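# Structural overview
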Amino acid sequence: AIITSASVKAWLMGEYTTPDMTTILWFTKDEACPKVIVCSWYADITKPLAGMHFRALLQHAQGGKLPLIICADTNAHSTLWGCEKNNQQGDELEEVMMQYGLTACNQGLRNTFETTGRASIIDVTLTNPYLQHSVVKWRVDEKETLSDHKLIQFELAIQSSSGPLEDTGRNINKTDWGAFQDCITDRHASQHQQLLKQNTWSPALLEAETELFNAHI
């Protein structure tokens, strides 16, 4: 799951969201890096490591040259992120990382997973080449989380020239009902309904959603 604050403008990318994976497109308000794909991914060790939806996401980011960050419970051991040795899941993930140019951002040797009699580093933060050097101050927080997984914190060093994020609240008293009515009754509304029926995320759906959203600001 991914939880954002009210000040963050983000859209769910349904095409790349499954019971094991949630993906959003984050609009950063940064002129140099205006869009970032954020993915929360659980790599179930009983399933093939990189399934159809996960590979489709990697291909989408690669083809569109979109910055991508993946916060993952990988169930994978690899010396790339501090494990003493690899397991099969780690070997397979390394191959996927090499194929798509992914980099592990983990720093240090603190375990990210601890339970009775077991401890390991399986929670990994991955970025593609378009966001490779932007994750800074990556760390494992030792505070109690009531989970066997530790809290991982980091900062995304995106330098914005457009100032802080705007408040996304809406004042209903400022609604332009005329513009809203025009928007929902013209051909764009029909297009929007057709795109929704496809039940997949696409740039066209985002554009239609944005137009409807902005019509009544």
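Here, the structure is the one placed above.
Quick summary incoming for the structure in this document. From a predicted model like this one, the values you see are computed outputs, not experimental measurements.

### Thoughts on the overall build of the protein
Counting its regular elements, the protein contains five helices and 10 strands. Classification of the 217 residues of the protein by burial places 35% in the buried group. Excluding contacts between residues fewer than 6 apart, the proportion of contacts in the protein whose partners are at least 24 apart in sequence is 55%. A total accessible area of about 12800 Å² is found for the protein, and carbon and sulfur atoms account for 52% of it.

### A look at the nonpolar core
Among the nonpolar cores identified, the biggest contains 31 residues, and Ile37, Trp41, Phe54, Leu58, Ile70 and Trp81 are the most heavily contacted of them. For this core, the elements supplying multiple residues, two or more each, are strand S2 (21–27), strand S3 (35–42), helix H1 (52–64), strand S4 (68–73), helix H2 (88–100) and strand S8 (123–127). Setting aside anything within four residues of it in sequence, one finds Trp81 in contact with Thr74, Ala76, Leu93, Met97, Ala104, Asn106, Ile121 and Val124. Within the second largest apolar cluster, 10 residues are counted, among which are Cys33, Ile69, Cys105 and Val140.

### A short note on the layout of surface pockets
Space inside the largest pocket adds up to approximately 630 Å³. The set of elements that each furnish at least two residues to the lining of the largest pocket consists of S2, S3, S4 and strand S10 (151–156). Broken down by element, the lining of the largest pocket gets its largest block of residues, five residues, from S3. When grouped by side-chain class, the residues that make up the lining of the largest pocket number 17 nonpolar, five polar and two charged.

### Here's the deal with the sheet that holds S2
Pairing in this open sheet of six strands is mixed, and the strands run S1-S2-S3-S4-S8-S5 from one edge to the other. Of all strands in the sheet, those with a lone pairing partner are strand S1 (9–12) and strand S5 (103–104), marking the two edges. Across five bridges, S4 lies against S8 in antiparallel orientation. Looking at S8, one finds that Asp73 is bridged to Asp123.

### Brief notes about the pattern of salt bridges
Under the definition given, this model contains five salt bridges. A salt bridge links Arg110 to Glu142; the nearest nitrogen and oxygen atoms lie 3.8 Å apart. Taken together, the residues Arg110 in the loop between S5 and strand S6 (113–115) and Glu142 in the loop between strand S9 (135–141) and S10 connect sequence positions 32 residues apart. Residue classification places Glu142 among the partly exposed positions, given a relative accessible area of 40%. Two residues, Lys150 and Glu142, come together in a salt bridge whose shortest N-O distance is 3.3 Å.

### Some thoughts on the side chain of Asp123
The residue Asp123 is located in strand S8 in this model. Despite its burial, Asp123 pairs with no opposite charge, the nearest such side chain being Lys150 at 10 Å. In terms of polar contacts, Asp123 uses its side chain to reach the side chain of Thr112, at 2.8 Å.

About the cut-offs
- Residues numbered from 1 in each chain as written.
- Predicted model: local features only at pLDDT ≥ 70, side-chain atom pairs only at ≥ 80, totals over all residues.
- Heavy atoms only, no water.
- Helix = DSSP H or I, 4+ residues; strand = E, 2+ residues; numbered from the N terminus.
- Buried < 20%, exposed > 50% of the residue type's maximum accessible area, 1.4 Å probe, protein only.
- Contact = heavy atoms within 4.5 Å.
- Areas by Shrake-Rupley, 256 points an atom, 1.4 Å probe, with all protein chains shown as cover.
- Core = buried A, V, L, I, M, F, W, Y, C linked by side-chain atoms within 4.5 Å.
- 1 Å grid on protein atoms, 1.4 Å probe; cavity = no way out; pocket = protein on both sides within 12 Å on 5 of 7 lines; lining within 4 Å.
- Points joined across faces, edges and corners; volume = space filled by probe spheres on them.
- Nonpolar A, V, L, I, M, F, W, Y, C, P; charged D, E, K, R; others polar.
- Pairing = 2+ DSSP bridges.
- Salt bridge = Lys/Arg side-chain N within 4 Å of Asp/Glu carboxyl O.
- Lys, Arg positive; Asp, Glu negative; His and termini not counted.
- Polar contact = N/O pair within 3.5 Å; in protein donor to acceptor, adjacent residues only side chain to side chain.

Interpretation note: all reported values are geometric properties and have no functional meaning in isolation.
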